[in-house]
Amino acid sequence: NSTDTEQPLVVSGGTLVEENGKAAVQFDGSDDYLAKIATLTINGDHMISAVHTPEGVGGYLFSLGYNDLESVLLWNNATNYSRYWLSGSGDQLNSAETVAGQRLTTGEMSSGSQTLYIDGSQNSTKSTTYSGGDVPDITIGYAVQRAQGSNYLIGKIQELIFFNSDQSANRGTVTTGGGTGIEGNINTYFDIV
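Here we look at the packing of aromatic side chains
Part 1: Per the stated rule, a full pass over the model turns up seven aromatic pairs.
Part 2: When the centroid spacing of 5.2 Å and the interplanar angle of 40 degrees are considered together, the rings of Y33 and Y142 count as tilted. Taken together, the residues span a long stretch of sequence, with Y33 in the loop between β5 (25–28) and β6 (34–43) and Y142 in the loop between β15 (132–140) and β16 (154–163) at a distance of 109 residues.
Part 3: Both rings, one in Y60 and one in Y66, keep their centres 6.1 Å apart while their planes meet at 90 degrees; by these two values the pair is edge-to-face.
Part 4: Judged by relative accessible area, which is 3%, Y60 ranks as buried.
Part 5: Counting every residue linked through ring pairs, the aromatic cluster contains Y60, Y66, W75 and W85.

This is the structure we're talking about:
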């Protein structure tokens, strides 16, 4: 984002923005976002993951397209529940979790099943027909194509990961202070659980 006032903060008032002792990017909920307008081909099987701390009402963490049939979205709704949406199938998982503060949210599409994980624990799952395809943009903190003010993120993001392949065998486990695989490695560094 080339507009200074719309750039999320990494430093605020001369101090590094942090969450739980680690660097973070702060989104203000009114106009901050980052975008790459370029075509990305998404495979049917994939994994999308975010370390984030909601600090207000709703907003998009990671938007790969929006109204496109191939879109993949990870967001917080108006009550800050995590959501993982596959546009082409119309399938959306809504966590209804009670986690407050920093969390690890992962959406996984593998062999016809869409699954949402919160802090390494399976939250919800369903069968889906999502097959992937081309999306025109990648956006952090907003869904550019939605063009509505209510979808700007208010809160912090520390890490976003997108794997364009099935990572179910590598996702791993999260345990207090660590774990195994991809999510365990994330938890070891960020000490979420």
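What to know about the environment of A24
Part 1: You can see A24 is positioned in the loop between β4 (22–23) and β5.
Part 2: Spatially, the C-alpha atom of A24 lies 8.5 Å from that of H52, the residues being 28 residues apart in sequence.
Part 3: Those residues in contact with A24, other than ones at most four positions away along the chain, are L9, V10, V17, E18, E19, K156, I157 and Q158.

Focus on the sheet that holds strand β8 (residues 59–64)
Part 1: Judged by pairing direction, the sheet is antiparallel, and its six strands sit side by side in the order β6-β15-β8-β9-β10-β11 without closing on themselves. Of all strands in the sheet, those with a lone pairing partner are β6 and β11 (91–94), marking the two edges. Neighbour-to-neighbour, the strand axes of the sheet open up by a mean angle of 20 degrees, direction not taken into account.
Part 2: One ladder, built from eight bridges, connects β6 with β15; its direction is antiparallel. Within the sheet, the bridge partner assigned to K36 lies in β15 and is I138.

Side note on the nonpolar core
Part 1: One finds I48, L61, L64, V72, L74 and Y84 to be the most contacted residues of the largest nonpolar core, which totals 19 residues.
Part 2: If you list the elements that add at least two residues to this core, you get β7 (46–54), β8, β9 (72–76), β10 (82–86) and β13 (113–118).
Part 3: Among the elements that take part in this core, β8 stands out by supplying three residues, more than any other.
Part 4: Among the nonpolar cores identified, the runner-up in size contains nine residues, and I161, V174, I182 and F190 belong to it.

What to know about the pattern of salt bridges
Oppositely charged side chains can form a pair if their charged atoms are brought close together.
Part 1: By the definition in use, this model includes four salt bridges.
Part 2: A salt bridge links R171 to E108; its shortest N-O distance comes to 3.8 Å. Taken together, the residues R171 in the loop between β16 and β17 (173–175) and E108 in strand β12 (residues 103–110) connect sequence positions 63 residues apart.
Part 3: By relative accessible area, R171 is classed as buried at 11%.
Part 4: When the shortest N-O distance is used, the salt bridge between E183 and R171 registers 2.7 Å. Separated by 12 residues along the polypeptide, E183 in helix α1 (residues 181–190) and R171 in the loop between β16 and β17 bring together distant segments of the chain. R171 shares its class with E183; the two are buried.

A closer look at the pairing of β15
Both faces of the sheet carry side chains from a regular strand, because those side chains alternate between them.
Part 1: Across three bridges, β8 lies against β15 in antiparallel orientation. Bridging from a neighbouring strand, L64 pairs with I138 of β15.

Definitions and cut-offs
Residues numbered from 1 in each chain as written. Predicted model: local features only at pLDDT ≥ 70, side-chain atom pairs only at ≥ 80, totals over all residues. Heavy atoms only, no water. Phe/Tyr/Trp six-rings, centres within 6.5 Å; stacked < 30°, edge-to-face > 60°. Helix = DSSP H or I, 4+ residues; strand = E, 2+ residues; numbered from the N terminus. Buried < 20%, exposed > 50% of the residue type's maximum accessible area, 1.4 Å probe, protein only. Contact = heavy atoms within 4.5 Å. Pairing = 2+ DSSP bridges. Axes fitted to C-alpha atoms, helices over the stretch in contact; angles between N-to-C directions. Core = buried A, V, L, I, M, F, W, Y, C linked by side-chain atoms within 4.5 Å. Salt bridge = Lys/Arg side-chain N within 4 Å of Asp/Glu carboxyl O.

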